[in-house]
Amino acid sequence: MPIFKVLEGLSLTSFDTRRIYANKTRDVNPLTVYIDDLSGVIYIDDFYVGDSQYEEGNYNELKSSEYIKLDYDREVDCRRRVNQHKKYITDKKILDFGCGAGDFLKVAQKYASSVTGVELQKNYMEHLNENGINCFSDLSDIEDNSLDSIFLFHVLEHLPEPLEMLSILKSKLRDGGLLVAEVPHANDFLLSELDCDAFKEFTLWSQHLILHTRNSLNAFFNNCDLHNISIKGFQRYPISNHLYWLRNKKPGGHKLALSVVDTDDLNRSYESALSLIDSNDTLIAIGTK
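To keep things clear, this report deals only with the structure shown in the data block.

Rules and cut-offs
- Sequence order sets the numbering: in each chain, residues are counted from 1 along the sequence as written.
- Totals for whole chains, interfaces and linings use every residue, but because this is a predicted model, local features are given only for residues with pLDDT of at least 70 and side-chain atom pairs only at 80 or more, for both listing and counting.
- With hydrogens and water set aside, each side-chain value is computed from the structure's full complement of heavy atoms.
- To sort residues, take the accessible area from a 1.4 Å probe on protein chains only and compare it with the maximum for the residue type: under 20% means buried, over 50% means exposed, and anything in between is partly exposed.
- Strands are runs of DSSP state E lasting at least 2 residues, helices are runs of H or I lasting at least 4, and numbering of each runs from the N terminus.
- Should any heavy atoms of two residues lie within 4.5 Å, those residues are considered in contact.
- Strand pairing follows a simple DSSP-based rule, namely that at least 2 bridges must link the two strands.
- The term polar contact refers here to a pair of N or O atoms within 3.5 Å; inside protein, the definition further demands a hydrogen-donor-capable atom paired with an acceptor-capable atom, and it admits residues adjacent in sequence only when both atoms are side-chain atoms.
- Helix span is expected to be 1.5 Å times the residue number reduced by one.
- Fitted lines through C-alpha atoms give the axes, limited to the stretch in contact for helices. The angle between two N-to-C directions lies from 0 to 180 degrees.

With that out of the way, let us pick up helix H7 (residues 162–172). If you check which residues of H7 are buried, you get Pro162, Leu163, Leu166, Leu169, Lys170 and Lys172. At its buried positions, H7 is contacted by helix H1 (3–9), strand E4 (93–97), strand E7 (147–153), strand E8 (173–184), strand E9 (210–211) and helix H10 (214–223).

Backbone-to-backbone hydrogen bonds pair the strands of a sheet. The strands run either parallel or antiparallel. In spatial order, the strands read E1-E2-E3-E9; together these 4 strands make up an open sheet with antiparallel pairing. The strands lining the two open edges of the sheet, one partner per strand, are strand E1 (18–22) and E9. Where strand E2 (residues 33–36) lies against strand E3 (residues 42–44), 3 bridges are found, and the strand directions are antiparallel. Looking across to E3, one finds that Ile35 is bridged to Ile42.

As a further point, take the side chain of Thr17. When you line up the elements, Thr17 lands in the loop between H1 and E1. What makes Thr17 buried here is its relative accessible area of 18%. At 2.9 Å, the side chain of Thr17 and the side chain of Ser14 are in polar contact. Separated by 2.4 Å, the side chains of Thr17 and Asp36 make a polar contact. Filtering out sequence-adjacent residues up to four positions away, Thr17 remains in contact with Ile35, Asp36, Asp37 and Leu38.

What follows is about helix H4 (residues 72–84). With 13 residues, H4 ought to run about 18 Å at 1.5 Å a step, and its terminal C-alpha atoms sit 18 Å apart, in line with that. In this structure Asp71 caps H4, since a side-chain oxygen of it lies 3.4 Å from the backbone nitrogen of Asp73.

Turning to the sheet that holds strand E6 (residues 134–136), a few remarks are in order. One open sheet accounts for 7 strands, arranged E6-E5-E4-E7-E8-E11-E10; its pairing is mixed. Only two strands of the sheet have a single neighbouring strand rather than two, namely E6 and strand E10 (227–234). The average angle at which neighbouring strand axes cross in this sheet is 15°, direction not considered. Pairing between E10 and strand E11 (residues 282–288): 6 bridges, direction antiparallel. Note that in E11 the partner of His227 across the bridge is Thr288.

This is how it looks when you write it as structure tokens:
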């Protein structure tokens with residue numbers, strides 16, 4: 001089903017309320033990107049790169065052997081995610097859907113009763129299985145009602161049939177199990193308030209079919225009959241990254257000399273300030289079966 005139909009069915013867009021946001025993405029030109037003026041959702045309609053892109057990893061500039069070694073950003077994200085969700089991991093049977101090279105699972109297995117991955121990219125799946133972590137290419141290999149927690153880290157926005165996939169994922173949870181989804185935020189401060197064209201050109205990607213808002217995430221989880229839904233903003237990238245984007249039109253300020261400004265107190269204050277205007281770069285949704 002085209003993404004427009006998915007969003008229209010949830011009253012998140014319409015022909016009357018949407019407008020063209022961009023005429024290209026960073027990797028495909030031309031490709032129309034829409035924004036809905038009421039819901040704020042940003043989306044690409046009726047386009048999908050195809051499973052083969054994910055299976056072969058052709059979009060990844062690094063060779064699999066290079067990618068398996070953690071870089072700075074992935075290490076920070078992995079450590080943060082495990083700490084952030086440790087109560088949903090410890091002594092739990094967990095699944096990371098779209099697990100990549102297994103960064104999260106490799107750390108989470110220290111705490112969980114069992115860890116499993118689902119990943120389309122063949123060499124990552126093989127790497128994990130060779131290293132003692134069960135990883136499958138299809139959810140049909142996962143037993144229904146068998147899991148305590150399922151995690152999707154920057155995966156939901158890639159799915160061409162997101163509601164169908166969320167429903168299948170829910171079926172794999174035991175009663176009372178949790179589904180956790182982390183996604184990029186359509187209302188990111190660099191987009192919504194700073195109008196940073198360079199960041200816009202960078203963040204719009206043909207693989208990101210939907211950039212979500214709180215309302216759209218809530219609608220997706222409600223549609224799948226998940227309960228006790230909690231959605232909160234989180235700031236992955238600190239103020240140094242934003243300053244670098246504004247000055248140099250590039251990412252990476254948080255890894256350069258400019259990062260000297262990124263004290264723990266400032267990071268917390270900046271995240272809180274962005275939360276007040278709902279402009280964090282990331283949303284984290286949690287729902288219960």
